[in-house]
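Survey of secondary and tertiary structure
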Amino acid sequence: TEPFKWTLLERNPVCIETPPTINAGEGAGTEMPDFAAPRKGKHSMEMQTTKRERISYYSYFFGQNLFYMIIASYISLFLLNHGVNEALAASVVIAPQIWDVINDIIFGRIVDKAHLKGGKFLPWLKISWICIPATTIFIFCMPDSLSVSAKCAWVFIGYCLWSVAYTMCDTPIY
């Protein structure tokens, strides 16, 4: 009997009996297939990136998430300090998150379809390095003379723009 049954995709074997061993006697006619061969090396899975590359990615994501958390948590405090009540401040902070869900899908499609001169991802990162600081400054340079509704609109628009800029640096990495 055949020890492995192949799925429709012929990639993932399903064991229906005990698989043959490497030391099956000569003439047994059963050799271990390549996918079941023991892995070489210290770990069960060989790393495809260097340690320097992994540290670079870890640092990038740490900095990116740290910056995101600082901005996201400070916006509500900023609004409260400028005379906006708690319920309205919460609405102004949550509403751009709904836009962010739509924005991520749209921008993911743009990244997939765009053919830029500098590559598929690096141009978006370079643009975001300018847009994120610019939109951050825009959000927090709100004039004090504005009415409460104008302050909310200012932060809402700025936070939506900031979300687009953040998506530019986030989407290409994934």
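Residues numbered from 1 in each chain as written. Predicted model: local features only at pLDDT ≥ 70, side-chain atom pairs only at ≥ 80, totals over all residues. Heavy atoms only, no water.

1. Observations regarding the overall build of the protein chain
Scanning the protein chain for helices and strands turns up four helices and two strands. The helix and strand sequence of the protein chain, counted from the amino end, reads β-β-α-α-α-α. The buried share among the 174 residues of the protein chain stands at 25%. Counted over contacts in the protein chain with a minimum sequence separation of 6, partners at least 24 positions apart contribute 58%. Summing over all exposed atoms, the protein chain offers an accessible surface of approximately 12,600 Å²; the carbon and sulfur share of this is 64%. (Helix = DSSP H or I, 4+ residues; strand = E, 2+ residues; numbered from the N terminus. Buried < 20%, exposed > 50% of the residue type's maximum accessible area, 1.4 Å probe, protein only. Contact = heavy atoms within 4.5 Å. Areas by Shrake-Rupley, 256 points an atom, 1.4 Å probe, with all protein chains shown as cover.)

2. Side note on the environment of N103
If you trace the backbone, N103 turns up in helix 2 (residues 86–113). A relative accessible area of 5% means that N103 is categorised as buried. Between the C-alpha atom of N103 and that of T167, which follows or precedes it by 64 residues, the distance is 7.7 Å.

3. Quick look at the environment of I105
Relative to the helices and strands, I105 is located in helix 2. Exposure remark for I105: the relative accessible area of 57% places this residue in the exposed category. Considered as a pair, I105 and T171 are 66 residues apart in the sequence and their alpha carbons are 9.5 Å apart.

4. Focus on the confidence of the model for the protein chain
Low pLDDT means the predicted atomic positions in that stretch should not be read closely. Looking at the protein chain as a whole, the pLDDT averages 79, with 72% of positions reaching at least 70. Ranking the elements of the protein chain by mean pLDDT puts strand 1 (residues 4–6) last, at 47, and helix 4 (residues 148–170) first, at 92. Predicted confidence for residues 4–17 stays below pLDDT 50, and this span has 23 contacts to residues more than four positions away or in other chains. (pLDDT = per-residue confidence, 0-100.)

5. Examining the pattern of salt bridges
In the structure shown here, the tally under the stated rule is one salt bridge. The partner of K120 in a salt bridge is D112, and the shortest N-O contact between them spans 4.0 Å. For K120, a relative accessible area of 39% corresponds to the partly exposed category. (Salt bridge = Lys/Arg side-chain N within 4 Å of Asp/Glu carboxyl O.)

6. Considerations on the packing of aromatic side chains
Overall, the coordinates contain twelve aromatic pairs when judged by the stated rule. An angle of 20° between the planes, with centres 6.5 Å apart, marks the rings of Y57 and F61 as stacked. One end of the pair is Y57 and the other is F61, both in helix 1 (residues 51–81) and four residues apart, which spans about a single turn. Accessibility expressed as a relative area gives 21% for F61, which makes it partly exposed. Here the aromatic rings of F67 and W162 are separated by 6.2 Å at their centres, their planes lie at 40°, and the arrangement is tilted. In this pair, F67 sits in helix 1 while W162 sits in helix 4, placing the two residues 95 residues apart along the sequence. Residue class for F67 comes out partly exposed when judged on its relative accessible area of 33%. Residue class for W162 comes out buried when judged on its relative accessible area of 1%. Through pairs of rings, three or more aromatic residues link up here, namely F67, Y68, Y159, W162 and Y166. (Phe/Tyr/Trp six-rings, centres within 6.5 Å; stacked < 30°, edge-to-face > 60°.)

7. Quick notes on a nonpolar patch on the surface
A cluster of nonpolar side chains, I94, I98, W99, V101, I102, I105, I106 and I110, forms an exposed patch at the surface whose accessible area comes to about 750 Å². Its place among the elements puts V101 in helix 2. Residue classification places V101 among the exposed positions, given a relative accessible area of 53%. (Patch = residues over 30% accessible without salt bridge, like charges linked within 9 Å, V, L, I, M, F, W, Y side chains within 5 Å.)

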